[in-house]
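# What the coordinates show
So the chains spell out like this:
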Amino acid sequence: AAEARRLEERREAEEAMEQAGTLQEETKALLEERSAILAQADEAAAAARANEEAVRQLQRQLEEARIAKLKADQNALEMEIESARQREEHMRQIEDEARRMREKAEEEARIAEQERLAIEAEAERAREDERRRHAEAALLAAMREEELRLQVLAMEARARQAKEDAEAKARMAAEAQKSADDAAELARQTEAAKAAQLNRLAEEKLREEQAREALNWRRADFNLAKVVLEQITSAFPPKDIDLEDHAARGVLQIMKTHHLSRAVSSGPAWKKRYVVLDLSKTGELQFYASDKQQQLKDAYSLDSVMRAYIPPERMRPAGVRDVDRLFVIETTQRSFFCVAASDEAMSAWISAVNTVGAESRPTTRRESRVAMLRGTGSAQSLRSGSLSSVGSPASAGSPAVSRQGSDFALSPASSIAEDSSRA
């Protein structure tokens, strides 16, 4: 029996412990639920506070809007009151002016009436006092009435004149307004024309900069053949010059001048040279004995090449003044008189040489063509004779030329004219 009791107590104790565990779990769940409910309550309170703050902000905005509307209404009312006051003041001034004019007219009429009554009384007294003065009194009254009539007429004339003056002033004001409108329209048109002119100048400057960049021969993608053909306005390259992307090659007749006086005494001597304008590798203006390019006679750095041009008559020696297709290649060391095989080849050589060193030479097609024809206008204008008249380059002798090229090189361009005059 004691063992059974102990077992019963143990079972009851276990059941009590199980119930305590269940109660503890339920208590924990209730606490978690309470925490969640408190968190939701906090969130609801925060949302309520946010809503209250939003409501207060909306109320403040409504109050500010109401105050702004009241201020705007007050300003509008004040402006309307001021406008009404000004209109009332203007109407009062008009009424005062009309009243003064009316009073003045009434005063003049009253005076006239008094004068008329006085005249009539005087006439009556005159009739009573002395009948013999009746005619004089009547005449005096008639004269007085005529004077009054003339005064009235004068007043009406002055009124008409004042009205006409007012109308003339109104017309002048309208004409002045029209003149002001015309002047404003003219100013607007002038500004528009000025803006259009500035736009055109900006576009021209951009085109010139693009053309200058296109003629920069130091660029990797520079195409000498394309530039030269564009400048000489030709679709096909000349037959007497080979144009490449970075070079120009061809045969030129170079004048040999140990002494410049020979050009006068025995005619100029010429040397046939194969000329290479190389922009890619060596960067030189080279003179070879033949097109095989084995015997180099002379070479100049492209940085020393100045320009090429057709010399005018005053810059030519006396013996070559009538030579056709004559042009000058000028460097910082020497200058050369050259003769091309054709007009097209001459134009191409001048354009190619002038393209080198774009910083110191024309950079647009128009300026390059002007430089090509500097001093003469065109190559065609120099054709007053033929090469045969002074010694053809094809038939002239070809003595040996030194490697340094000094036997066929001229002095720099600054001394050409002096050497020509000395010859």
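Let us look at the structure shown here. Everything numeric in this text was worked out from a predicted model, so none of it was measured. (Residues numbered from 1 in each chain as written. Predicted model: local features only at pLDDT ≥ 70, side-chain atom pairs only at ≥ 80, totals over all residues. Heavy atoms only, no water.)

## Examining the overall build of the protein chain
A count of helical and extended segments in the protein chain gives seven helices and eight strands. Buried residues in the protein chain amount to 28% of all 423 residues. Taking as baseline every contact in the protein chain between residues at least 6 positions apart, the subset at least 24 positions apart corresponds to 59%. Looking at the protein chain as shown, the accessible area adds up to about 28100 Å², and 53% of this sits on carbon and sulfur atoms. (Helix = DSSP H or I, 4+ residues; strand = E, 2+ residues; numbered from the N terminus. Buried < 20%, exposed > 50% of the residue type's maximum accessible area, 1.4 Å probe, protein only. Contact = heavy atoms within 4.5 Å. Areas by Shrake-Rupley, 256 points an atom, 1.4 Å probe, with all protein chains shown as cover.)

## With respect to the pattern of salt bridges
Taken as a whole and assessed by the stated rule, the structure comprises 24 salt bridges. Between R66 and E63 there is a salt bridge, with the nearest N and O atoms lying 2.3 Å from each other. Taken as a pair, R66 and E63 lie in helix α1 (residues 2–129) at a separation of three residues, close to a single helical turn. Judged by its relative accessible area of 34%, E63 is partly exposed. Between E130 and R132 there is a salt bridge whose closest N-O contact spans 1.8 Å. What makes E130 buried here is its relative accessible area of 18%. Accessibility expressed as a relative area gives 69% for R132, which makes it exposed. Sharing partners across several salt bridges, the network here consists of E53, R56 and R60. (Salt bridge = Lys/Arg side-chain N within 4 Å of Asp/Glu carboxyl O.)

## Observations regarding helix α5 (residues 343–355)
Between its first and last C-alpha atoms α5 spans 18 Å; for 13 residues at 1.5 Å apiece the expected length is 18 Å, and the two agree. Among all positions in α5, only D343, A345, M346, S347, A348, W349, I350, S351, A352, V353, N354 and T355 are buried. (Expected span 1.5 Å × (residues − 1).)

## So, the pairing of strand β4 (residues 284–288)
With four of five residues buried, β4 is to be regarded as a mostly interior element. Where strand β3 (residues 269–278) folds back on β4, the antiparallel hairpin that results is connected by five residues, among which G283 adopts a positive phi of roughly 65°. Bridging between β4 and strand β5 (residues 296–301) involves five bridges; their strand directions are antiparallel. Across the sheet, the residue bridging to E284 is S301, located in β5. (Pairing = 2+ DSSP bridges.)

## Focus on the pairing of strand β8 (residues 335–339)
Among the five residues in β8, five count as buried, and that is most of the element. The alternating pattern of β8 places S335, F337 and V339 on one face and F336 and C338 on the opposite face, and all of these are buried. What sits between the antiparallel neighbours strand β7 (residues 326–331) and β8 is a turn of three residues.

## Looking at the packing of aromatic side chains
Taken as a whole and judged by the stated rule, the model has three aromatic pairs. With a centroid separation of 6.4 Å and an interplanar angle of 90°, the aromatic rings of F287 and Y300 are classed as edge-to-face. Here the residue F287 occupies a position in strand β4, and Y300 occupies one in strand β5, the gap between them amounting to 13 residues. Of the two residues, F287 and Y300, neither departs from the other in class, the shared state being buried. Ring geometry for Y300 versus F336: centroids 5.6 Å apart, planes at 65°, classification edge-to-face. Linking Y300 in strand β5 with F336 in strand β8, this pair joins segments that are 36 residues apart in sequence. Positioned over the ring face of Y309 is R307, at 4.1 Å from the centre of the ring. (Phe/Tyr/Trp six-rings, centres within 6.5 Å; stacked < 30°, edge-to-face > 60°. Lys NZ or Arg CZ within 6 Å of the ring centre and 35° of its normal.)

## Some points on the nonpolar core
Among the nonpolar cores identified, the biggest contains 36 residues, and L252, L277 and F327 are the most heavily contacted of them. At the level of elements, α3 (224–231), β2 (247–256), β3, β4, β6 (305–309), β7, β8 and α5 are the ones that each hand at least two residues to this core. It is α5 that contributes the most residues to this core, seven residues altogether. Formed by 10 residues, the second largest nonpolar core is a distinct cluster that contains M315, L326, V328 and V339. (Core = buried A, V, L, I, M, F, W, Y, C linked by side-chain atoms within 4.5 Å.)

## Examining α3
Within α3, six of the eight residues are buried, which leaves it mostly tucked inside the rest of the structure. Of all the positions in α3, only L224, A225, V227, V228, L229 and Q231 are classed as buried. Capping the start of α3, N223 holds a side-chain oxygen 3.2 Å from the backbone nitrogen of A225, two or three residues further along. (Polar contact = N/O pair within 3.5 Å; in protein donor to acceptor, adjacent residues only side chain to side chain.)

## Notes on the side chain of R325
Here R325 shows up in the loop between β6 and β7. A polar atom in the side chain of R325 sits 3.5 Å from the side chain of D324. For R325, the side chain forms a polar contact with the main-chain oxygen of A340, separated by 3.0 Å.

## Concerning the packing of α3 against α5
Look at α3 against α5: their axes get within 9 Å of each other, and the N-to-C directions meet at 125°. Accordingly, the angle class assigned to the pair α3 and α5 is oblique. In the crossing of α3 with α5, the sense of the turn from one axis to the other is right-handed. Listed contacts from α5 to L224, V227, V228 and Q231 of α3 are A348, S351, A352 and T355. Among the residues forming the contact of α3 with α5, the class breakdown is five nonpolar, three polar and no charged. (Axes fitted to C-alpha atoms, helices over the stretch in contact; angles between N-to-C directions. Parallel < 35°, antiparallel > 145°, perpendicular 65-115°, else oblique. Left-handed = near helix turned anticlockwise from the far one by under 90°. Nonpolar A, V, L, I, M, F, W, Y, C, P; charged D, E, K, R; others polar.)

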